[in-house]
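Single-letter residue listing:
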Amino acid sequence: MSIEDNCSQWQRELIPRHEPNMIYECIGCDRRYPLDQFLYTCPLCKSLLRLRDLNFDRLKEVPGERWRDIFDRRRLLNIAPLKGIFLFHELILPIVPLEDVVYLGEGHTPIVKANQELSSMVGTDFYIKYDGLNPSASFKDRGMASAISYINHFVKRKGLDQVLGICASTGDTSAAAALYLAYLDHRKVKSVVLLPQGKVTPQQLSQPLGSGATVIEIPGVFDDCMKIVEELAERYQVVLLNSKNPVRINGQKSYSYEVAQQFDYASENLVVIVPIGNAGNITAIMEGFLDLYHLGIIGNLPRVIGVQSVHADPVYRWYKEGTYTPVKVKPSVAQAAMIGDPVSFPKVNKLVSEHFTDRFGVVQVTEQEIIEWMLLTNRHGHIVCTQGGETVAALKRAHEAGMVTTGDTVVVDSTSHQLKFADFQTKYFEDSYPEAYEIAPAPRMKNAPTLLPASAREIAAFLSLKERS
Ligand SMILES: *Cc1c(COP(=O)(O)O)cnc(C)c1O
Ligand SMILES: [Zn+2]
C-alpha cells in the first residue's frame, strides 16, 4: 500500500513524526549522557547504560488503541525503512531519520503453532517464534539493524569516516555485525570480530568470513573474548557491537512488539520463554513489553521465563539462591548461550525487581534435554536451533512446575536457525560427543543415511514396497 492510498489523517499518523530527546542513562547512578557519542558504561560508576527518550511521555498523548491501529496499518505500507524493526520507529531509535535506517530484511519473523503431538509430549499447547528466519539467521539482526542504522546516521550526518565495528561473539553476533557492517561504505566502515577458537560452529564461522570481516580467533571461551573487546572499547577508537551497547538492546525490543502484534495485543495469559546467555535478549524483551504497557498498547505485562543449561547457569542460580556469582562454563550444545558471567545481568536484576517481580522465572535444563527436545521438535515439522530446543525443554519443566498452565498462550523463542547448529545433531547421530557434554544418544532418536545400489528394485526391497496391481 502506498502512503497516498490513505486519508490525510492516516497519512500524518503513519509516517513517524515523534521528536525524541534521547540520552544514555546509567542504571547505577542515574547520570545522563548525550547520545552523540559511543558509550557503553557510565564513565563515572562503570555501570551499564540504557537509552531513554525523555519525550517518551508525549507518545502517551496517542491512546493505546490508536497505536495498535498505527502499527497494524503501517505493516501494509511499502516503505523500506518501515518494513523491519523500524516499523516501531518511535520505540526503537527515533533519533535516526527514516532515510538513514538500514533495512536488510530483519524482523517480523513467523510465529508457528507447535505440532499437536509435540504439544502433547510437552504437556501444553505452544507457539514457536522463528527468529532464525532473520537475514543472518538469528535474532541478533534485530539489535544489529538498530546499532548499524545508528552508525550509518553518524557516518552520513556527522562526517564520521573511520569506524571500526568490533564484537566478541558466541557466533551469531559476529555473523550479524559482519553482515550489517558490510552493507555500509567500506571506505569508512570496517568490521572485526573476535571468536573463541573452536567454540563457534563451522556455519557460524563461515558467516563473518563470507561477509568479508576481519576474523580473529583467540583461545578460551566467550567470556575471555568479551574481556578483550571491553578493553579495546575502553582504550581505543572502536565501536563495540556487543549487547553491552544499549543501542542494540533497543533494536531487540522489537521481538516483544511483534509478539504482541501477532497475538492482536492480547497479553492476559501471555508467557514468553527465552534462552539466557549474555542476558541482552531477555533484557530487551522485558523493556519492550514495558514500553507497550506504559503506552496502553497492552493491558498487562506478560510473564517472562528465562532458561539456562546446567553447564552455564549463573542467572538460574541467582534466581534460585538469591545471590549472583559468575560460573565457569562447561561445553554446551546451547553454545550461543554458553556464558558464565552475563554482561546484562544487572539490567535483568533491576527490571525484575522493579517491574517483573511476580512475572519472571528462570528454569534450568540438562544438555540431554536440550538436544533431544531440539530433535523431537524438528521431527514434528519445525526448524529450531539448539537454543530453541532449550526453550521447548524449559516449557516442559515450567509446565511440570506449575509456572505455566493450560490456557496460557506460550511463545518459545527459537533464537537462530536449525542449520547453524547442524554439527550438534551430527554428533548426536554419530554418538561422538566428548564426555564433557554429558550427552548419551538414545538409539531411537538417531538417524543416518543408508547407502544402496542405484537400483529401483533394491531400493523397493529395502523399503518393503508393494508392487502396483
Ligand atoms: C546470542 C544468542 C543467545 C543468547 O542471547 P543473549 O542476549 O546473549 O542472552 C541465544 N541464542 C542464540 C542463537 C544466540 O545467538
Ligand atoms: Zn553511573
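Each remark here, short or long, concerns the structure printed above.
All of these numbers come straight from a predicted model, not from anything done at the bench.

The rules we used
- Residues numbered from 1 in each chain as written.
- Chains lettered and ligands numbered in written order.
- Predicted model: local features only at pLDDT ≥ 70, side-chain atom pairs only at ≥ 80, totals over all residues.
- Heavy atoms only, no water.
- Buried < 20%, exposed > 50% of the residue type's maximum accessible area, 1.4 Å probe, protein only.
- Helix = DSSP H or I, 4+ residues; strand = E, 2+ residues; numbered from the N terminus.
- Pairing = 2+ DSSP bridges.
- Right-handed = clockwise from strand over helix to strand, strands pointing away.
- Phe/Tyr/Trp six-rings, centres within 6.5 Å; stacked < 30°, edge-to-face > 60°.
- Lys NZ or Arg CZ within 6 Å of the ring centre and 35° of its normal.
- Contact = heavy atoms within 4.5 Å.
- Axes fitted to C-alpha atoms, helices over the stretch in contact; angles between N-to-C directions.
- Donors = N, O, S within 2.8 Å, 3.2 Å for Na, K, Ca; no water.
- Tetrahedral: all angles 85-135°; square planar, octahedral: opposite > 155°, others 65-115°.
- Patch = residues over 30% accessible without salt bridge, like charges linked within 9 Å, V, L, I, M, F, W, Y side chains within 5 Å.
- Areas by Shrake-Rupley, 256 points an atom, 1.4 Å probe, with all protein chains shown as cover.
- Salt bridge = Lys/Arg side-chain N within 4 Å of Asp/Glu carboxyl O.
- Near = heavy atom within 4 Å.
- Polar contact = N/O pair within 3.5 Å; in protein donor to acceptor, adjacent residues only side chain to side chain.
- Lys, Arg positive; Asp, Glu negative; His and termini not counted.
- Charge placed at Lys NZ, Arg CZ, Asp CG, Glu CD.
- Expected span 1.5 Å × (residues − 1).
- Arc of directions from axis to C-beta.
- Parallel < 35°, antiparallel > 145°, perpendicular 65-115°, else oblique.
- Left-handed = near helix turned anticlockwise from the far one by under 90°.
- Core = buried A, V, L, I, M, F, W, Y, C linked by side-chain atoms within 4.5 Å.

Engineer: Would you explain the pairing of strand β11 (residues 303-309) in this entry?
Structural biologist: It is a general feature of regular strands that their side chains alternate between the two faces of the sheet. The buried count for β11 comes to six of seven residues, which makes it a mostly enclosed element. Pairing analysis gives five bridges linking strand β10 (residues 270-275) to β11, with the strands arranged parallel. Considered in β11, the bridge of Val272 is made with Val304. For the handedness criterion, the β-α-β arrangement of β10, helix α11 (residues 280-294) and β11 is classed as right-handed.

Engineer: What's the story with the packing of aromatic side chains in this structure? I'm lost.
Structural biologist: Centre-to-centre distance and the angle between the planes together describe a pair of aromatic rings. Counted under the stated rule, the structure contains 16 aromatic pairs. Between Phe421 and Phe424, the aromatic rings sit 6.3 Å apart at their centres with planes inclined by 15°, giving stacked as the arrangement. For the pair formed by Phe421 and Phe424, the shared burial category is buried. Pairing Phe424 with Tyr433 gives two aromatic rings, centres 6.5 Å apart and planes at 10°, and the pair type is stacked. On the accessibility criterion, Tyr433 (10% relative accessible area) is buried. Three or more aromatic residues joined by ring pairs make a cluster, and in this case those are Trp318, Tyr319, Tyr324, Phe345 and Phe360. For Arg66, the ring lying beneath its charged end belongs to Trp10, and the centroid distance is 4.0 Å. When the ring centre of Tyr255 is taken as origin, the NZ or CZ atom of Lys129, which lies over that ring, is 5.7 Å away.

Engineer: I tried to follow the sheet that holds strand β7 (residues 189-196) on my own but got confused; where do I start?
Structural biologist: Read across the sheet, four strands follow the order β8-β7-β6-β9 without closing on themselves; strand pairing throughout is parallel. Both edges of this open sheet fall to β8 (214-218) and β9 (239-240), since each of them pairs with a single strand only. Bridge analysis of β7 against β8 gives five bridges, and the strand direction is parallel. Considered in β8, the bridge of Val193 is made with Val215. Across the sheet, helix α6 (residues 172-182) lies against β6 (163-168) and β7, angled at about 170° from β7, the strand it touches most. Packing against the sheet, helix α7 (residues 202-210) makes contact with β7 and β8, and its axis sits at approximately 140° to β8.

Engineer: Any chance you could explain the coordination of the zinc ion (ligand 2) here in plain terms?
Structural biologist: Geometry sets the ideal angles at a metal, namely 109.5 degrees for four tetrahedral donors and 90 or 180 degrees for six octahedral donors. Here the zinc ion (ligand 2) is held by the protein donor atoms Cys26 (SG), Cys29 (SG), Cys42 (SG) and Cys45 (SG), which lie 2.3 to 2.4 Å from it. The coordination sphere of the zinc ion (ligand 2) comprises four donor atoms, whose angles at the metal cover 94 to 119°; the geometry is tetrahedral. Donor residues for the zinc ion (ligand 2), ordered by position in the chain, follow C-x2-C-x12-C-x2-C. Here Cys29 is found in the loop between β1 (22-26) and β2 (32-34), whereas its partner Cys42 is found in the loop between β2 and β3 (49-53), with 13 residues between them in sequence. Look at Cys29 and you get partly exposed, because its relative accessible area is 28%.

Engineer: I tried to follow a nonpolar patch on the surface on my own but got confused; where do I start?
Structural biologist: Residues Leu452, Ile459, Phe462, Leu463 and Leu465 make up a contiguous nonpolar surface patch of roughly 440 Å² in combined accessible area. As for its position among the elements, Ile459 is in helix α17 (residues 456-462). The exposure class assigned to Ile459 is partly exposed, which follows from its relative accessible area of 35%.

Engineer: Looking at this model, I keep getting lost on the site of ligand 1. Mind explaining?
Structural biologist: Taken together, 14 residues lie near ligand 1, and Lys140, Asp172, Asn278, Asn281 and Thr415 sit nearest. Contacts to ligand 1 include Gly280, whose backbone N or O atom sits 3.2 Å from an oxygen atom. In isolation ligand 1 offers 380 Å² of accessible surface; the protein chains occlude 98% of this area.

Engineer: Can you walk me through a negative patch on the surface in this structure?
Structural biologist: Side chains of Glu65, Asp69, Asp72 and Asp264 sit close together on the surface and give a patch of like negative charge. Relative to the assigned elements, Asp72 resides in helix α2 (residues 64-74).

Engineer: For this particular structure, what's the right way to read helix α13 (residues 345-356)?
Structural biologist: An α-helix turns once per 3.6 residues; consequently, residues spaced three or four apart project the same way. The terminal C-alpha atoms of α13, which comprises twelve residues, lie only 14 Å apart, well short of the 16 Å expected from a rise of 1.5 Å per residue. Buried within α13 are the following residues: Phe345, Lys347, Val348, Leu351, Val352 and Phe356. All buried residues of α13 fall inside an arc of 150° around its axis, so they share one side. The inward-facing, buried residues of α13 abut β3, α9 (246-252), α11, β11, α12 (314-321) and β12 (360-365).

Engineer: Quick question: what am I supposed to make of the packing of α6 against α7 here?
Structural biologist: Each packed pair of helices is defined by two parameters, the angle between the axes and the distance between the axes. With their axes 8 Å apart at the nearest point, α6 and α7 run at an angle of 20° to one another. Our classification of the angle between α6 and α7 gives roughly parallel. For the pair α6 and α7, the crossing hand works out as left-handed. Each of Asp172, Ser174, Ala175 and Ala178 in α6 lies in contact with α7, whose residues at this interface are Gln204, Gln207 and Pro208.

Engineer: Explain the nonpolar core to me, please; I cannot follow it from the model alone.
Structural biologist: For soluble globular proteins, the rule of thumb is that nonpolar side chains tend to be buried together. Within the largest apolar cluster, 103 residues are counted, with the highest numbers of intra-cluster contacts made by Ile148, Leu241 and Phe289. For this core, the leading source of residues is helix α5 (residues 140-157), giving eight residues. Those residues in contact with Phe289 that lie beyond four places of it in its chain are Ser256, Val259, Leu270, Val272, Ile298, Leu301, Pro302 and Phe356. Residues Phe126, Ile305, Cys385 and Ala394 belong to the second largest nonpolar core, which totals 39 residues.

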